[in-house]
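# Structure at a glance
Below are the chains, spelled out letter by letter.
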Amino acid sequence: MGQVTRTLGGVSGKVTVASLKRANRDRVAEILKSSQLFRDDEVDVALELFDLSVGNESDSKEQDYTFIGAYTADSKLIGFACFGPTPDTDRTYDLYWIAVDQAAQGLGSGTILLAEVERRLQKQQARMVVVETSSRPDYEGTRNFYLRRGYAAAATVKDFYGPSDGRVIFTKRLME
């Protein structure tokens, strides 16, 4: 668990990164909906992964999906990330979700979450992280977020999600 001091809403405080608990389920849905980027069916998929993973952790084997959250000093969940190993690859991992509450965006919580995902993956000797996102204009901030943090746009699949909504794939090598 990491703690980083950030200014949130004009108040200096610590953002703590920790695992999510089942009690966070409704808040995860609120965070996704607050972004106004995700369709209801996409929120449903995130919650399905949450239900499969959170509270079902086992030390005996690697989980398909790991959820971590960014919490304010008063323990309010303001963002989360979900990542896991890419099947049939040599130490490649997918970052499936990273979302920060609309009211907390631009304050560093997404960067803190991404850094913690990368730190945990480096500890597991991950070779590469893969992120997929939309090519829609309203995702420009998301794409720039990854570019500013050292991710490279590796491919674009036109019309993947729908007409005029392509899939943009970013990668970042953590080690060779």
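So, a few notes on the structure that sits alongside this text. (Residues numbered from 1 in each chain as written. Predicted model: local features only at pLDDT ≥ 70, side-chain atom pairs only at ≥ 80, totals over all residues. Heavy atoms only, no water.)

Here the focus is the packing of helix α1 (residues 25-34) against helix α2 (residues 40-53). Interaxial distance between α1 and α2 falls to 10 Å at its minimum, and their mutual angle equals 150 degrees. As the angle between them shows, α1 and α2 are arranged roughly antiparallel. Remark: the crossing between α1 and α2 carries right-handed chirality. Every residue of α2 that contacts α1 at Arg 25, Val 28, Ala 29, Leu 32 and Lys 33 is listed here: Val 43, Ala 46, Leu 47, Phe 50 and Asp 51. Classifying every residue of the contact of α1 with α2 gives seven nonpolar, no polar and three charged. (Axes fitted to C-alpha atoms, helices over the stretch in contact; angles between N-to-C directions. Helix = DSSP H or I, 4+ residues; strand = E, 2+ residues; numbered from the N terminus. Parallel < 35°, antiparallel > 145°, perpendicular 65-115°, else oblique. Left-handed = near helix turned anticlockwise from the far one by under 90°. Contact = heavy atoms within 4.5 Å. Nonpolar A, V, L, I, M, F, W, Y, C, P; charged D, E, K, R; others polar.)

Turning our attention to unusual backbone geometry. Although it is not a glycine, Gln 36 adopts a positive phi angle of roughly 60 degrees. In this structure, Gln 36 sits in the loop between α1 and α2. Given a relative accessible area of 69%, Gln 36 falls into the exposed group. Phi at Ser 164 is positive, roughly 60 degrees, even though this residue is not glycine. Looking at the element boundaries, Ser 164 is found in the loop between β7 (152-162) and β8 (165-173). Ser 164 sits in the exposed class, given a relative accessible area of 63%. (Buried < 20%, exposed > 50% of the residue type's maximum accessible area, 1.4 Å probe, protein only.)

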